Amino acid sequence: LEFRRVLFRSDYALVTRMAPAYWPARHARAGIYEEHGEYDKALAEYDAVLRVSPKHGSTLALRCGTKVILDRLAEAASDCEAALDQKPNDQIALTWAGLIDYGNGAFERARAELDAAIGQNGAWARANYARALLRETLGDQAGAFKDMTAARRYTETAAEWTRVQTELSRFRRGPWCA
């Protein structure tokens, strides 16, 4: 796995040196950085993509998520809003926007966004995990259990499940929880 990671990084580095404006390579490299918890490097790659293609909706949504993970909620909110302007039903942007609203205590809006995100495809662990946290906060233990079970089912590996928990579990407790 480590060898593959190094190989991908070097391949993407070569592509970005040869064709700096080729944003798909930077977008893919950002994803690799995120998978390995290197969020600052992922942000730099997303920023590079957005310099070339400022209204690239999926990049805005992914950068929003990275900023949420890094606890930069105000910056993240503007990225999510811009992503949803480009694609109103973007599952990733809706999930992160829902988490931002949940964190700010806007539970009804968060619920609507998370329901919409899960309604798009359903199979994204972060969306189900986020809604489980919201339901838990609102006292819906059965719904929280159902969403948490779905979130676990949608992860492919134990490492991915751990990453989802690590990224989002800080939302479980906070000043908005009773």
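Analysis parameters
- Residues numbered from 1 in each chain as written.
- Predicted model: local features only at pLDDT ≥ 70, side-chain atom pairs only at ≥ 80, totals over all residues.
- Heavy atoms only, no water.
- Helix = DSSP H or I, 4+ residues; strand = E, 2+ residues; numbered from the N terminus.
- Areas by Shrake-Rupley, 256 points an atom, 1.4 Å probe, with all protein chains shown as cover.
- Buried < 20%, exposed > 50% of the residue type's maximum accessible area, 1.4 Å probe, protein only.
- Contact = heavy atoms within 4.5 Å.
- Axes fitted to C-alpha atoms, helices over the stretch in contact; angles between N-to-C directions.
- Parallel < 35°, antiparallel > 145°, perpendicular 65-115°, else oblique.
- Left-handed = near helix turned anticlockwise from the far one by under 90°.
- Nonpolar A, V, L, I, M, F, W, Y, C, P; charged D, E, K, R; others polar.
- Core = buried A, V, L, I, M, F, W, Y, C linked by side-chain atoms within 4.5 Å.
- 1 Å grid on protein atoms, 1.4 Å probe; cavity = no way out; pocket = protein on both sides within 12 Å on 5 of 7 lines; lining within 4 Å.
- Points joined across faces, edges and corners; volume = space filled by probe spheres on them.

## A short note on the overall build of the chain
Consideration 1: Check the secondary structure of the chain and you find ten helices and zero strands.
Consideration 2: The linear arrangement of helices and strands in the chain, starting from the amino end, is α-α-α-α-α-α-α-α-α-α.
Consideration 3: Accessible surface, the chain as shown: approximately 9200 Å² in total, 54% of it carbon and sulfur.

## Structural notes on the side chain of Thr 95
Consideration 1: Relative to the assigned elements, Thr 95 resides in helix α6 (residues 91–103).
Consideration 2: With a relative accessible area of 0%, Thr 95 lands in the buried category.
Consideration 3: For Thr 95, the contacting residues outside a window of four places in its chain are Leu 114, Ala 117, Trp 124, Arg 126 and Ala 127.

## As for the packing of helix α7 (residues 107–120) against helix α8 (residues 125–137)
Consideration 1: α8 packs onto α7 with a crossing angle of 150° between their chain directions and a minimal axis gap of 10 Å. When the axis of α7 is compared with that of α8, the two are roughly antiparallel. In terms of crossing hand, the pair formed by α7 and α8 is left-handed. In this structure, α7 uses Phe 107, Ala 110, Arg 111, Leu 114, Asp 115, Ala 117 and Ile 118 to contact α8, whose residues at the interface are Ala 127, Asn 128, Ala 130, Arg 131, Leu 134, Arg 135 and Thr 137.
Consideration 2: The residue makeup of the contact of α7 with α8, split by class, is eight nonpolar, two polar and four charged.

## Structural notes on unusual backbone geometry
Most peptide bonds are trans, and most residues other than glycine sit at a negative phi.
Consideration 1: A positive phi is found at Asp 71, a non-glycine position, where the angle reads about 65°.
Consideration 2: Using a relative accessible area of 49% as the deciding quantity, one classes Asp 71 as partly exposed.

## Quick notes on the nonpolar core
Generally speaking, nonpolar side chains in soluble globular proteins are found buried as a group.
Consideration 1: Grouped together as the largest cluster of nonpolar side chains are 37 residues, with contacts concentrated most on Val 68, Trp 96 and Tyr 129.
Consideration 2: Those elements giving two or more residues to this core turn out to be α3 (39–52), α4 (57–69), α5 (73–86), α6, α7, α8, α9 (141–153) and α10 (158–168).
Consideration 3: Leave out the neighbours within four places in its chain, and Tyr 129 touches Met 148, Ala 151, Trp 161, Val 164, Gln 165, Leu 168, Ser 169 and Arg 172.

## A short note on the layout of surface pockets
Consideration 1: Considering only enclosed or pocket space, the second largest pocket measures out at about 180 Å³ in volume.
Consideration 2: In terms of lining residues, the second largest pocket is bounded by Ala 77, Cys 80, Glu 81, Leu 84, Asp 85, Ala 97, Ile 100, Asp 101, Arg 109 and Glu 113.
Consideration 3: For the lining of the second largest pocket, the secondary-structure elements that each account for two or more residues are α5, α6 and α7.
Consideration 4: Here the element with the most residues in the lining of the second largest pocket is α5; it accounts for five residues.
Consideration 5: Counted by class, the lining of the second largest pocket contains five nonpolar, no polar and five charged residues.

## What about the side chain of Arg 63?
Consideration 1: Looking at where Arg 63 falls in the secondary structure, it is placed in helix α4.
Consideration 2: In this view, Arg 63 contacts Leu 43, Tyr 46, Asp 47, Leu 50 and Asp 79; residues no more than four positions away in its chain are not counted.

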